[in-house]
Amino acid sequence: MAKKMKLTDITNMFSGMDIEALEGVTIEGDIELDLGGLGGGSDPMLAAALGQESAVLAQHFARIAGMFGYPVGIGGPAAAAPAAALAAPKFKDLIPAKFDVANMADWATPIQEVRIGNTSADGGSRGKAVHVGGEKALPFYFDADMPNRNQVTIDVFDMRIGLAKAVKQNYDEVMDSPGEWAKKNVEQFNADMITIHLISTDPLIKDTPAKEAAKTVEEVLQAVDVPIAIGGSGNPQKDPEVLAKAAEVAEGERCLLASASLNLDYAAIAEAALKYDHDVLSWTQLDMNSQKELNRKLMKQCNVPRERIIMDPTTAALGYGLDYAYTNMERIRLAALMGDDELTFPMSSGTTNAWGARESWMVGSPLKEDSDWGPREYRGPIWEIVTGLSLALAGNDLFMMMHPTSVAFLKKATQTLFGSIDEEPVDISNWIAAEV
Amino acid sequence: MKINSPLQAYKYLPQTNCGECGEPTCMAFASKLIDRSFKTADCPPLVKEKKFAKKLAELEGLLAPEIREVIIGVGEKAAKIGGDDVLYRHKLTFFNKTKMFFDVADNMDEAAIVERVKQIADFRKFYVGNYLLLDGIAVRAASGDPAKFAAAVKKVGETTDLPLILCSFDPAVLKAGLEAAKDKNPLLYAANKDNWKEVGELALEYKVPVVVSAINDLDTLKTLAKTFADAGIQDIVLDPGTVPVGKGLKNTFTNFLKIRRAGIDGDVEIAYPILALPFTAWMAGIEDPVNASYWETVMASMFTIRYGDIMILHSMEPYAVLPEMHLVDTIYTDPRTPVAVDGAMYKVGSPTADSPVFFTTNFALTYYTVESDIASNGIDCWLLAVDTDGIGVEAAVAGGQLTADKVKDAFDKSDFDLKKDVNHNTVIIPGLSARLQGDLEDSLSASIKVGPMDSGRIPGWMEKNWPAK
Ligand code: B12
Ligand code: SF4
């Protein structure tokens, strides 16, 4: 099927194909070229299909044209480029590239490390202490190893309270005994710490006197040997007194007093912490500037040393303001790493707030138009997990939590990213054919 | 974006302050370009007049986001991914939500495919005035058989107009799928170091976006992306592999961080959207299906926050899907826009003089939650949105934006007269604003009833308490 054609034919053939890269190649003259063996060279589709061969062919044209002094002006390698644009296959070899990325230079200030709990070495009775903070990068980033893993403290209340059904069924039989409750949290649910909330002290609830509430703290300290956090009722008038008394009976145990805030007598709480050897939780509500202000006051006005301050910048649940809580924490942590020393403290989250979102506790959607929400006993725990995990990624260190499943998953997720969980490697290369 | 100040963008504008864009000056328009609320196309002279063509092209180059934008699918439901300019949402906002694609295997029988696709396409959750929805279907060539795969792709395409990902490493299978999804602009998954030539050719031939895949090997990933880009493929998506557990998962997380940081820092050869595969949770040998599903949601959360632009998932359990879609919404909400509705009196259903009167605040989350709780249950009523500067009930009571005076003001401004427009002179107030009850009785001289704390409980509350005695 040998066929004779002129270079002009070929030029026309290419130009009809709307190929930009060939535009510079104008070959004129009446050189005859034997395209024998290449098939019907005048069929553009076939030429395209010939692929690599066409590229070679074009190179030949260029060389021939060059030989005859035609104004092609392209050498061998350059000629390959226009030809490559011709056919569908544009690939020859991989173009090697090396991946590289720099570490963050402006993360120069480490987060303060804080210890909660005194062991016998420090004059306390805790079996172990908990350390939070010390980061030099955003959590789980490759720029610098994270010195301490995330910690979970599980809530205990000093009275029976209303809880979402999925939470309550885990605690029903211990809810009248804070000591037993605390034990269960540690022995069965793997709590790193316990938070005892003295909510019965609220004048609108039981108005339990501070002195009596302090006995509950003693009970919990005896029941478990993990470090503890002590929370009030949230009543700004009464909390300072309640926390001061609790601090006194827990002297030397280095508990976390929760919380100092701008709307109560934070100085009284700071004073109790210093006098009886405890840490202070500095709590503000979703506002970085208030957080700076309170931290500054605790340090400058109340002389609380840096290694005794943890911040709670407030946790809003997934779908209920997590966008604010997440970004507030991420901004705080970034500002700290870049040197804002009013914010270089570990953070704590009231992750339990996730149970306030209706998706975690309501039987079903109040909206008929929504798809079925499915069983709520599975929705609640994952709502708490996702709320907590998001904040872990934003920089939160310590998690106050409730549901045992949530605790287990949050720990597994954060410790995996921390790098301490080694599992059988999973070969994912054939995921497309996986049986699920 | 290669520029970051309005002044830099201004240089490329016509500078006539003609006002056609709706902004008073070109400088004002320039600042809208920088915050990405306007596009160059919004300046008519710049686009229409030939003499600006060069400037327009240059400006567009400068304004192009650091991470390439890729579109999958066609029409209204097409999924746009990538397009980011920052590493942290507070620095600007993240653009183009992470897209959630759910898998369908080609070895399922036809009825099962149709049922699953419908379940994915129909899933919806109301939130702040809109429905949260799922984004697409990933068809897996589990059979390895081109004909089977083509049949499955065809069936899926007939059942939904959601965008598709075609998943196979076999070019023949992918080609069969592409033939079955002609004109649907599916995402091709995937080119790797073994098949890249053939898959790259398919991407060029069918003009579709394509994933390049290299498990835990960023050099190869970048090599593939660079090779494809050099061949003229622009719509590239990166798959660095998603290992479900242990050190492998930590490495995956690190890879996502590194790729995005490099891309935002200006390494254009790797500045593409990233694909995450929380799906692999199902390969980790987690026996209990609830636990496996939870783990998949955990992985989805990690990669929603840290730079996954598109995900392939498996569990369609509501307890998996609901938190996943909410987290995507959380991370991609624009932190610059106040989420508020106008302070005004709204009608829900067709209220009459007998209908109840409620108030709430103009925070969008609050307003739409309350409004939909009421509307969905067929309650006709008057619903006043009090302007609290876009703050919810509890925070507004605490912060002083929701007071009895404010409520009175809001009634007055909306020309609603409790004595004339309704015949009961009663207002039902949010449970969380109970402390305003006394003050409201005085300022409105009306009967004030304290409703439930959560508006989801309004229907039950109404049964017991309405009509007011
Ligand atoms: C997000 C948030 C913020 C955001 C607010 C964003 C916004 N646009 O509203 C920001 C960061 C701005 C903020 C600031 C403050 N906050 Co704030 N915030 C929250 C948080 C985390 C979530 C609130 C929320 O959005 N809920 C979701 C919406 C939908 O709920 P809602 O509006 O109440 O609506 C529900 C009900 O009220 C009811 N409902 C609504 N309308 C109606 C109508 C009728 C008729 C009925 C029957 C029912 C009903 O149904 C709705 C759906 O469930 C809560 C803590 C929490 N609860 O988790 C704290 C919280 C509300 N904040 C609090 C405080 C103190 C503040 C500040 C004063 C802090 C400070 N010192 O700066 C400021 C005040 C700011 C201001 N007002 O100007 C306190 C309030 C304490 C109190 N009860 O007095 C809370 C409870 C935190 C706490 N535990 O201390 N906050
Ligand atoms: S339309 Fe263009 S030229 Fe006219 S004011 Fe706006 S930016 Fe300037």
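None of these values were measured; they are calculated from a predicted model.

*Asks:* I'd like a rundown of the overall build of chain A, residues and numbers included.
*Replies:* Assigned secondary structure in chain A consists of 14 helices and 12 strands. The buried share of chain A, taken over its 436 residues, is 57%. At a minimum sequence separation of 6, the contacts of chain A that also span at least 24 residues come to 70%. Accessible surface for chain A amounts to roughly 18000 Å². Of this, 50% is attributable to carbon and sulfur atoms.

*Asks:* Break down the sheet that holds strand E7 (residues 164-167) of chain B for me, with residues and values.
*Replies:* Residues and elements named next belong to chain B. Pairing is parallel in the open sheet, where eight strands are placed in the order E10-E9-E8-E7-E6-E3-E12-E11. Looking at which strands have only one partner, the edges of the open sheet turn out to be strand E10 (236-239) and strand E11 (275-276). Summarising the sheet, strand E6 (residues 136-140) and E7 pair through four bridges and their orientation is parallel. Residue Arg140 lies in a different strand from E7, and its bridge partner there is Cys167.

*Asks:* A description of a negative patch on the surface should follow, citing residues and the corresponding values.
*Replies:* Residue and element names in this part refer to chain B. A surface patch of negative charge is lined by Asp405, Asp409, Asp439, Glu441 and Asp442. For the negative patch, the secondary-structure elements that each account for two or more residues are helix H15 (404-413) and helix H16 (437-444). No other element matches the three residues that H16 contributes to the negative patch. Structurally, Asp439 is set in helix H16. Taking relative accessible area as the criterion, Asp439 reaches 47% and is therefore assigned partly exposed.

*Asks:* Quick one: what's the story with the domain arrangement of chain B, residue by residue and with numbers?
*Replies:* Often the size quoted for an interface is simply the accessible area lost on bringing the parts together. Residue and element names in this part refer to chain B. As assigned here, chain B comprises domain 1 (6-63), domain 2 (69-332) and domain 3 (345-465). Once you take the C-alpha centre of each, domain 2 and domain 3 turn out to be 44 Å apart. Contacts between the two partners involve four residues from domain 2, matched on the other side by four residues from domain 3. For the pair domain 2 and domain 3, the summed buried area comes to about 340 Å², and 85% of that belongs to carbon and sulfur atoms. Linking domain 2 with domain 3 are zero salt bridges.

*Asks:* Give me the lowdown on the pairing of strand E15 (residues 381-386) of chain B, citing residues and values where you can.
*Replies:* All names here are of chain B. Of all six residues in E15, six are buried; the element is thus mostly enclosed. Here E15 shows a buried face lined by Cys381, Leu383 and Ala385 and a second buried face lined by Trp382, Leu384 and Val386. The sheet contact formed by strand E13 (residues 345-348) and E15 spans four bridges and is antiparallel. When the sheet's bridge partners are listed, Val348 is paired in E15 with Cys381.

*Asks:* Summarise the pattern of salt bridges; cite the residues concerned and give the values.
*Replies:* Inspection of every chain in the model, using the stated rule, returns 47 salt bridges over all chains. For B:Asp329, the salt bridge is made with B:Lys97, and the minimal N-O distance between the two is 3.2 Å. With B:Asp329 in helix H12 (residues 318-332) and B:Lys97 in the loop between strand E2 (79-82) and strand E3 (99-105), this residue pair connects regions lying 232 residues apart in the sequence. In this structure B:Lys97 comes out as partly exposed when scored by relative accessible area, which is 33%. Among the ionic pairs, B:Arg260 bridges to B:Asp309, the shortest N-O distance being 2.7 Å. Of this pair, B:Arg260 sits in helix H10 (residues 246-264) while B:Asp309 sits in the loop between helix H11 (289-305) and strand E12 (310-313), and the two are 49 residues apart along the sequence. Side by side, B:Arg260 and B:Asp309 carry an identical accessibility label, which is buried. Within this structure, A:Lys292, A:Arg296, A:Asp340 and A:Glu342 form a network of salt bridges that share partners.

*Asks:* Quick one: what's the story with the layout of surface pockets, residue by residue and with numbers?
*Replies:* Estimates place the volume of the second largest pocket at around 1200 Å³. What lines the second largest pocket is a set of 47 residues, among which B:Arg36, B:Glu69, B:Lys80, B:Phe95 and B:Asn96 lie closest to the centre. Residue assignment for the lining of the second largest pocket shows that the elements contributing at least two residues are helix H11 (322-337) of chain A together with helix H4 (53-63), strand E5 (130-133) and H12 of chain B.

*Asks:* Residues and numbers for unusual backbone geometry, please.
*Replies:* Of the consecutive residues A:Ala258 and A:Ser259, the connecting peptide bond is found in the cis state with omega at 10°. The residue after B:Trp466, namely B:Pro467, is reached through a cis peptide bond having omega 0°. If you trace the backbone, B:Pro467 turns up in the segment after helix H17 (458-465). If you check the backbone angles, A:Asn190 has positive phi at about 65° while not being a glycine. Position of A:Asn190 among the secondary structure elements: in the loop between helix H6 (178-187) and strand E6 (193-197). Unusually for a residue other than glycine, B:Asn17 sits at a positive phi of about 50°. Inspection of the secondary structure puts B:Asn17 in the loop between helix H1 (6-10) and helix H2 (26-34).

Calculation criteria
Residues numbered from 1 in each chain as written. Chains lettered and ligands numbered in written order. Predicted model: local features only at pLDDT ≥ 70, side-chain atom pairs only at ≥ 80, totals over all residues. Heavy atoms only, no water. Helix = DSSP H or I, 4+ residues; strand = E, 2+ residues; numbered from the N terminus. Buried < 20%, exposed > 50% of the residue type's maximum accessible area, 1.4 Å probe, protein only. Contact = heavy atoms within 4.5 Å. Areas by Shrake-Rupley, 256 points an atom, 1.4 Å probe, with all protein chains shown as cover. Pairing = 2+ DSSP bridges. Patch = residues over 30% accessible without salt bridge, like charges linked within 9 Å, V, L, I, M, F, W, Y side chains within 5 Å. Salt bridge = Lys/Arg side-chain N within 4 Å of Asp/Glu carboxyl O. Lys, Arg positive; Asp, Glu negative; His and termini not counted. Charge placed at Lys NZ, Arg CZ, Asp CG, Glu CD. Domains from an automatic or database assignment. Buried area = accessible area lost by both parts, 1.4 Å probe. 1 Å grid on protein atoms, 1.4 Å probe; cavity = no way out; pocket = protein on both sides within 12 Å on 5 of 7 lines; lining within 4 Å. Points joined across faces, edges and corners; volume = space filled by probe spheres on them.

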